[in-house]
Amino acid sequence: MTTYAEAPAPAVLADAPIAAVHEAGKPAVVHTPAGHTLDEAVAWLTAHREEIRAELHRSGAVLLRGLPVTDAATFAAARDALVVQRAGYKEKATPRTDFGEGVFSSTDLPAVQPIRLHNENSYTLDFPGVLLFGCVTAPEEGGATTVGDMREALRQLPPELVARFEEAGWLLVRNYSELAGLPWYKTFATEDRAVAEAYCAENTVGFEWLDDDSMVTRQRRSAIITHPVTGERCWFNHFAFWNSRTLDPDVREVLVDTYGEDGLPFNTYVGDGSRLTDEEVDAINAVYDRVTVRESWQVGDLMLVDNLLCAHGREAFKGDRKILVAMGEPVALADCAPTAQPSTTAYSGK
């Protein structure tokens, strides 16, 4: 594949400054120079990568508008100008289409299903530091990739809840099945049990095989981390996103009736294994709602998201929608001053 990051461009275009527009309820928006070719656009992105990164660290997410990004190949070229190191997608949780060269569909979940804010791969021991989204087909209605500042979320959360999570972390329990969620062999990208077991052992994931060739895993992770560049503390987890309380009530009723409370595809707990009350989960989701910002997609838009500073989600939509994603700049949990250490078991207070 051709890499465009070093492509030349007229000096007047490459030197065009960036100017981020900040409007209430929207992510920071940077309008790129008009009327440029792909080579010129990539050269401009390359020349201003550090300025864009500085804005990213200030705002958590930056939408770049007016780029000639029309397919997976042009998106990948822009990605190579903005992202120094690619990151993988581990412990898969949702269906995606793989377009090659580290480019995926953002999600293949149904259009009617909104996706709540979450930090990508917050349950792994290393995760993407940045995400890059790109719009190839804009939906007729809805479909924004929502983002929310997790520094602000941490400030707004009830202090007593923050204290519990700070000490104990959060606990994720996953049940892998052919019928709900993803089967284990898709999540771990192998049909060999031994390979899956080795991954779990190396990545502090507790596992148990069930009689029907299904699998249950448990992993405790820190709910609060510190950004290794900015030094800011962030709320960083999938707790509310995968908590059974957050499910649509009708969907939850069907899943619980079918699999039982302990057999749900995903469920989360405080790191000591305790459950929050419905009111406490609602309080966390209310904070997410307050910090959420959105901007409707236009064809050619790119949005760079700092995965530690900012969570992301998706609105339901109508019409065709094609949003691509690439992940980059991997970060190790160990480099983020986790307040709770990774474990395969619940926190005992010792």
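These numbers were taken from a predicted model, which means no experiment stands behind them. (Residues numbered from 1 in each chain as written. Predicted model: local features only at pLDDT ≥ 70, side-chain atom pairs only at ≥ 80, totals over all residues. Heavy atoms only, no water.)

J.: I tried to follow the nonpolar core on my own but got confused; where do I start?
T.: Buried together is how nonpolar side chains tend to be arranged in soluble globular proteins. Counting 50 residues, the largest nonpolar core has Met150, Phe165, Trp235, Phe239, Leu276, Ile284 and Val305 as the members making the most contacts within it. With five residues, helix α10 (residues 278-291) is the single largest residue contributor to this core. Beyond its immediate stretch of four places on either side in the chain, leucine 276 contacts Leu161, Arg164, Phe165, Phe239, Val270, Val281 and Ile284. Core analysis: the second largest hydrophobic core is formed by 28 residues, Leu45, Leu56, Leu82 and Leu304 among them. (Core = buried A, V, L, I, M, F, W, Y, C linked by side-chain atoms within 4.5 Å. Buried < 20%, exposed > 50% of the residue type's maximum accessible area, 1.4 Å probe, protein only. Helix = DSSP H or I, 4+ residues; strand = E, 2+ residues; numbered from the N terminus. Contact = heavy atoms within 4.5 Å.)

J.: Just to check I follow, could you spell out α10 for this structure?
T.: Residues that lie three or four places apart on an α-helix share one face, since the helix turns once every 3.6 residues. Spanning 14 residues, α10 covers 20 Å between terminal C-alpha atoms, matching the ideal 20 Å at 1.5 Å per step. Taken as a whole, α10 has its buried residues at Val281, Ile284, Asn285, Val287, Tyr288 and Val291. Around the axis of α10, the buried residues are gathered within 150° of arc, so they sit on the same side. Facing away from the buried side of α10 by over 90 degrees, the exposed positions are Glu279, Asp289 and Arg290. (Expected span 1.5 Å × (residues − 1). Arc of directions from axis to C-beta.)

J.: Even after reading the chapter, I still don't get the pattern of salt bridges, so can you show me in this structure?
T.: Any two side chains of opposite charge can pair if their charged atoms end up close together. On inspection of all chains with the given rule, the structure shows 24 salt bridges. A salt bridge links glutamate 232 to arginine 151; the nearest nitrogen and oxygen atoms lie 3.0 Å apart. Note that glutamate 232 is positioned in the loop between β13 (224-226) and β14 (233-235) and arginine 151 in helix α5 (residues 150-156), a separation of 81 residues in sequence. Among the residues examined, arginine 151 registers a relative accessible area of 5% and is labelled buried. Where aspartate 282 meets arginine 245, a salt bridge forms, and the shortest distance between an N and an O atom there is 2.6 Å. Taken as a pair, aspartate 282 in helix α10 and arginine 245 in the loop between β14 and α9 (249-259) lie far apart in primary sequence, 37 residues in all. A relative accessible area of 35% means that aspartate 282 is categorised as partly exposed. (Salt bridge = Lys/Arg side-chain N within 4 Å of Asp/Glu carboxyl O.)

J.: What should I look at first to understand the layout of surface pockets in this one?
T.: It is the rolling of a water-molecule-sized probe over the atoms that shows where space remains empty. Its volume calculated, the largest pocket comes out at about 750 Å³. Taken together, 22 residues make up the lining of the largest pocket; nearest its centre are Leu109, Gln113, Trp242, Leu247 and Val251. Breaking the lining of the largest pocket down by element, the ones donating at least two residues are β6 (115-118) and α9. The class makeup of the residues in the lining of the largest pocket is 14 nonpolar, six polar and two charged. (1 Å grid on protein atoms, 1.4 Å probe; cavity = no way out; pocket = protein on both sides within 12 Å on 5 of 7 lines; lining within 4 Å. Points joined across faces, edges and corners; volume = space filled by probe spheres on them. Nonpolar A, V, L, I, M, F, W, Y, C, P; charged D, E, K, R; others polar.)

J.: Which parts of the structure should I look at to understand the pairing of strand β17 (residues 302-306)?
T.: Side-chain positions along a regular strand alternate between the two faces of the sheet. Burial analysis of β17 places five of its five residues in the buried class, the great majority of the element. Here β17 shows no split at all, with Leu302, Leu304 and Asp306 on one side and Met303 and Val305 on the other all buried. Looking at chain direction, strand β3 (residues 61-65) and β17 are connected through four bridges and run antiparallel. Note that in β17 the partner of alanine 61 across the bridge is valine 305. Taken together, the five bridges between strand β7 (residues 126-137) and β17 define a ladder with antiparallel strand orientation. When the bridges of β17 are listed, leucine 132 appears paired with leucine 304. (Pairing = 2+ DSSP bridges.)

J.: Can you walk me through the sheet that holds β6 in this structure?
T.: Spatial strand order, β6-β18-β9-β16: four strands in an open sheet with antiparallel pairing. Of all the strands in the sheet, just β6 and β16 (292-293) have a single pairing partner and so form its edges. Direction of pairing for strand β9 (residues 147-149) relative to strand β18 (residues 310-314): antiparallel, over a ladder of three bridges. Looking at β18, one finds that valine 147 is bridged to histidine 312.

J.: Help me understand the sheet that holds strand β4 (residues 98-100), please; the structure alone is not making it clear to me.
T.: Strands in a sheet are paired, the pairing made by backbone hydrogen bonds, and the direction either parallel or antiparallel. Spatially, β1-β2-β3-β17-β7-β20-β5-β4 is the arrangement adopted by the eight strands of the open sheet, whose pairing is mixed. Of all the strands in the sheet, the pair left with one neighbour each is β1 (20-21) and β4. Where β4 and strand β5 (residues 103-105) come together, two bridges link them in antiparallel fashion. Paired with glycine 100 across the strands is valine 103, a residue of β5.

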